[in-house]
Amino acid sequence: MSRTAPPARPGETGAVRSGHFTASISAVGSGETDSLLSTEQPLNSNLRSLAPIAGDRPRLYRALPAQPKFDFRRHLSEAILSVAQRRGHQGEQVMPNHIDEVSTKRDTLTDPSQHRKIGVIGLGLMGTAIAANLVADGCDVVAYVRRPERVKDLRSLGIHATTHLPGLFSSDVLISMLPDDDAVRDVFFGSSGIADCLPSGAIHLSMSTISTGASTEFAREHERRGQGYVAAPVFGNPDAAKARQLAIVVAGAPEHCERCRPVTDTLGQTFLVGTDPTQANLIKLLGNMMTATSLEVLGEIITVLRKRGQDPQQFVDIMTATMFGSRVHKSYGSRLIAGSFAPGLTMPLALKDVRLALTEAELAGAPMPSVGVVRDRLITGIARGHGGLDWTALGLVASEEAGIDAGDRRQPA
């Protein structure tokens, strides 16, 4: 599929606005999936030159109705700000409703003026949705998979699947969507790591939810090889990925971030937050904690209402129409009431994120007690056999703690 790219804006070069890509996808490890948050981040002052011209409106905002400002519980907000400030970042960067400038989707991904090859490693639910969208944009997507049985499924989506890893070695930009620090480290820098086979000048676009320590390590290793590293973790579940409504938090060297913009912009909304990759990772972890604690509180409240014989949906409708109009409360509130726990972010992966966030808080000397409660609830849920469920199953754990059996989680007559 070919499109004519719009005229370059002042200060943009043809290389920045380039476009026709060949994408390669890998299934090394399970794909990471995350919560659907519409958090809004300001652009770091030293990256303002990369923002779109004034007056542009993000595509995501045109597609969604305006929502009331999200006023989360005071103590959690203070904890998040404290962690960010003590880690050396601007506190405003981790809080919503403070966008200075954001990016808009560019119609450059399929511009035939330049041809780049893109690899994506990690073909779980999220990676598959990303690959399918690239195919829909007219890209030639090549998927590396470890299991031959995946080849047929991927080809049905128009993705050229292969079990030969060398297909990734010539990638200009290599995206990773892997479950944790160790998976990324093993794939890129292990005994058979591909970093040594990538060309000088290649960029690793890390979309996984990982620790700031690992991000620092990976950036250093790529720099040593003459390669770039950009952290770009995402807010959004597989449904958001399919709908191109991911919020992608990007940090790294400005020239590397800009080279990755055609990819991130076509997958959702790009938020440039700084030149240090760890800034994006910290925002991602703390944002996930806002969702996790919201799920815990919603689960507890729904349980109280059920025990008192009242309709929890009535409560959710009132709250989301007034003070708590975020997509977290609207979407997850209804799922908790319906007992819909189909996995997006499973409880073990959510527990991994919680532990990483608590480590960041400890490094900052800023306690996050509410997140500690979520950690214990997740451990309980996994011990009870709920490890294969979505982290919305925190509501199931709350019901069980109150003596409500699964069959009793129904609406009052």
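Residues numbered from 1 in each chain as written. Predicted model: local features only at pLDDT ≥ 70, side-chain atom pairs only at ≥ 80, totals over all residues. Heavy atoms only, no water.

**A closer look at the pattern of salt bridges**
Part 1 of the argument: On inspection of all chains with the given rule, the structure shows 17 salt bridges.
Part 2 of the argument: One salt bridge in this structure joins R147 and E149, with 3.5 Å as the shortest N-O distance.
Part 3 of the argument: Ionic pairing is found between R384 and E401, a salt bridge with its closest N-O pair at 2.4 Å. Of this pair, R384 sits in the loop between helix 13 (369-383) and helix 14 (394-401) while E401 sits in helix 14; the two residues are 17 residues apart in sequence, bridging distant segments of the chain.
Part 4 of the argument: For R384, a relative accessible area of 39% puts it in the partly exposed group.
Part 5 of the argument: Judged by its relative accessible area of 45%, E401 falls in the partly exposed class.
Part 6 of the argument: Each of E296, E300, R377, R384, E400 and E401 takes part in salt bridges that share partners, so that together they form one network. (Salt bridge = Lys/Arg side-chain N within 4 Å of Asp/Glu carboxyl O. Helix = DSSP H or I, 4+ residues; strand = E, 2+ residues; numbered from the N terminus. Buried < 20%, exposed > 50% of the residue type's maximum accessible area, 1.4 Å probe, protein only.)

**Some details on helix 5 (residues 181-189)**
Part 1 of the argument: Within helix 5, burial applies to D181, A183, V184, V187, F188 and F189.
Part 2 of the argument: For helix 5, the capping residue at the N-terminal end is D180, with a side-chain oxygen 3.3 Å from the backbone nitrogen of D182. (Polar contact = N/O pair within 3.5 Å; in protein donor to acceptor, adjacent residues only side chain to side chain.)

**Describing the pairing of strand 9 (residues 246-251)**
Part 1 of the argument: For strand 9, a buried count of six out of six residues is recorded, marking the element as mostly surrounded by other parts of the structure.
Part 2 of the argument: With two bridges connecting them, strand 8 (residues 234-235) and strand 9 associate as antiparallel partners. Bridge assignment links V234 to a residue of strand 9, and that residue is I248.
Part 3 of the argument: Note: strand 9 against strand 10 (residues 268-274), six bridges, orientation parallel. In the sheet register, I248 faces strand 10, and the bridge partner there is T270.
Part 4 of the argument: This β-α-β element, strand 9 to helix 8 (residues 254-267) to strand 10, shows right-handed connectivity. (Pairing = 2+ DSSP bridges. Right-handed = clockwise from strand over helix to strand, strands pointing away.)

**Let's talk about unusual backbone geometry**
Part 1 of the argument: A positive phi is found at R244, a non-glycine position, where the angle reads about 60 degrees.
Part 2 of the argument: Among the structural elements, R244 can be located in the loop between helix 7 (238-242) and strand 9.

**Here we look at the environment of I210**
Part 1 of the argument: Positionally, I210 belongs in the loop between strand 6 (203-206) and helix 6 (212-224).
Part 2 of the argument: Since its relative accessible area comes to 1%, I210 is described here as buried.
Part 3 of the argument: Taking the C-alpha atoms as reference points, I210 and D182, 28 residues apart in sequence, are found 9.2 Å from one another.
Part 4 of the argument: Sequence-distant contacts of I210, that is, excluding residues within four places in its chain, are made with D180, D181, V184, S215, F218, Y229, N281, L285 and L356. (Contact = heavy atoms within 4.5 Å.)

**A look at the packing of aromatic side chains**
Part 1 of the argument: Counted by the stated rule, this structure contains three aromatic pairs.
Part 2 of the argument: With 6.2 Å between their ring centres and 45 degrees between their planes, F188 and F189 make a pair best called tilted. Of the two residues, F188 and F189, neither departs from the other in class, the shared state being buried.
Part 3 of the argument: Ring geometry for F218 against Y229: centres 6.4 Å apart, planes inclined by 70 degrees, an arrangement best described as edge-to-face. Here F218 is found in helix 6, whereas its partner Y229 is found in strand 7 (residues 228-231), with eleven residues between them in sequence.
Part 4 of the argument: Ring pairs connect the aromatic residues F188, F189, F218 and Y229, which therefore count as one cluster. (Phe/Tyr/Trp six-rings, centres within 6.5 Å; stacked < 30°, edge-to-face > 60°.)

**Considerations on the confidence of the model for the protein**
Part 1 of the argument: Looking at the protein, pLDDT values average 79 and 70% of them are 70 or higher.
Part 2 of the argument: Here residues 1-73 is a poorly scored stretch, pLDDT under 50, and it has 251 contacts once near neighbours within four places are set aside; other chains count. (pLDDT = per-residue confidence, 0-100.)

**Concerning the packing of helix 12 (residues 347-364) against helix 13**
Part 1 of the argument: At a closest axis distance of 10 Å, the pairing of helix 12 and helix 13 adopts a crossing angle of 150 degrees. Considering the angle they form, helix 12 stands roughly antiparallel to helix 13. You can see that helix 12 and helix 13 cross each other, and the crossing is left-handed. Listed contacts from helix 13 to M347, P348, A350, L351, V354, R355 and L358 of helix 12 are V371, G372, V374, R375, R377, L378, I379, G381 and I382.
Part 2 of the argument: Across the contact of helix 12 with helix 13, the residue classes tally to eleven nonpolar, two polar and three charged. (Axes fitted to C-alpha atoms, helices over the stretch in contact; angles between N-to-C directions. Parallel < 35°, antiparallel > 145°, perpendicular 65-115°, else oblique. Left-handed = near helix turned anticlockwise from the far one by under 90°. Nonpolar A, V, L, I, M, F, W, Y, C, P; charged D, E, K, R; others polar.)

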